[in-house]
Amino acid sequence: MRKHCKRIMRRCAAPTLVALHLNPEVCLQERAAVLALRSGWADRPHYNVLADCRDMLTLAASSKNDRQTLAICELARIALENIKDRFVEKQRMGATGDELQALDALCDISEDFWRRQGGTLFIDAEAALSRAREAYRRAA
């Protein structure tokens, strides 16, 4: 009988905590986008930052089966859809107080969630989001 190594081979990636420490602009962009909505000078790139934050967090929380994080993602989805609908109707980007609270919570939960995860989950979520967006572009 041959001996087999019981070691499980895993991909090598820096923990997300380290990646966020080296690239603090990720969290700052999300906070700046909420601030822009709150201040009334938000534009499409601000909206896109928050949509990406929410989508990546949803993908990662789904793979971890984290129901509390998914609940925050659902609140943020509703807030983002309301903002989008309002923008289509009035050609002006803005948010209500409840929507801003939901987006603030999204930023807080996202930062906390990613700090507790391994780097491979972030890489996988980013790749899945890119694939989904590319498929959407092809279909449209």
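Draft legend 1. Examining the pattern of salt bridges more closely. Inspection of every chain in the model, using the stated rule, returns 13 salt bridges. Ionic pairing is found between Arg31 and Glu111, a salt bridge with its closest N-O pair at 3.0 Å. Taken together, the positions of Arg31 in helix α2 (residues 25-39) and Glu111 in helix α5 (residues 97-115) put the pair 80 residues apart, joining distant regions of the chain. One salt bridge in this structure joins Glu74 and Arg77, with 2.3 Å as the shortest N-O distance. Of the two residues, Glu74 and Arg77 are both situated in helix α4 (residues 67-90); the distance of 3 residues between them amounts to about one turn of the helix. A single salt-bridge network, built from bridges that share partners, covers Arg31, Asp108, Glu111 and Arg115.

Draft legend 2. Fine view of unusual backbone geometry. One non-glycine residue, Asn65, lies in positive phi territory at about 55°. Among the structural elements, Asn65 can be located in the loop between α3 (44-64) and α4. With phi around 60°, Gln91 is a residue other than glycine that occupies positive phi space. Looking at where Gln91 falls in the secondary structure, it is placed in the loop between α4 and α5. With a relative accessible area of 56%, Gln91 lands in the exposed category.

Draft legend 3. Quick peek at the packing of aromatic side chains. Following the criterion strictly, the structure yields 2 aromatic pairs and no others. With centroids separated by 5.3 Å and ring planes inclined at 85°, the aromatic side chains of Phe113 and Trp114 adopt a geometry described as edge-to-face. Among the residues examined, Phe113 registers a relative accessible area of 1% and is labelled buried. By relative accessible area, which is 5% here, Trp114 ends up buried. Between the aromatic rings of Trp114 and Phe122, the centroid separation amounts to 5.0 Å while the plane-to-plane angle is 80°, which identifies the pairing as edge-to-face. Under the relative-accessibility criterion, Phe122 is labelled partly exposed at 23%. Counting every residue linked through ring pairs, the aromatic cluster contains Phe113, Trp114 and Phe122.

Thresholds, definitions, all that
- Residues numbered from 1 in each chain as written.
- Predicted model: local features only at pLDDT ≥ 70, side-chain atom pairs only at ≥ 80, totals over all residues.
- Heavy atoms only, no water.
- Salt bridge = Lys/Arg side-chain N within 4 Å of Asp/Glu carboxyl O.
- Helix = DSSP H or I, 4+ residues; strand = E, 2+ residues; numbered from the N terminus.
- Buried < 20%, exposed > 50% of the residue type's maximum accessible area, 1.4 Å probe, protein only.
- Phe/Tyr/Trp six-rings, centres within 6.5 Å; stacked < 30°, edge-to-face > 60°.

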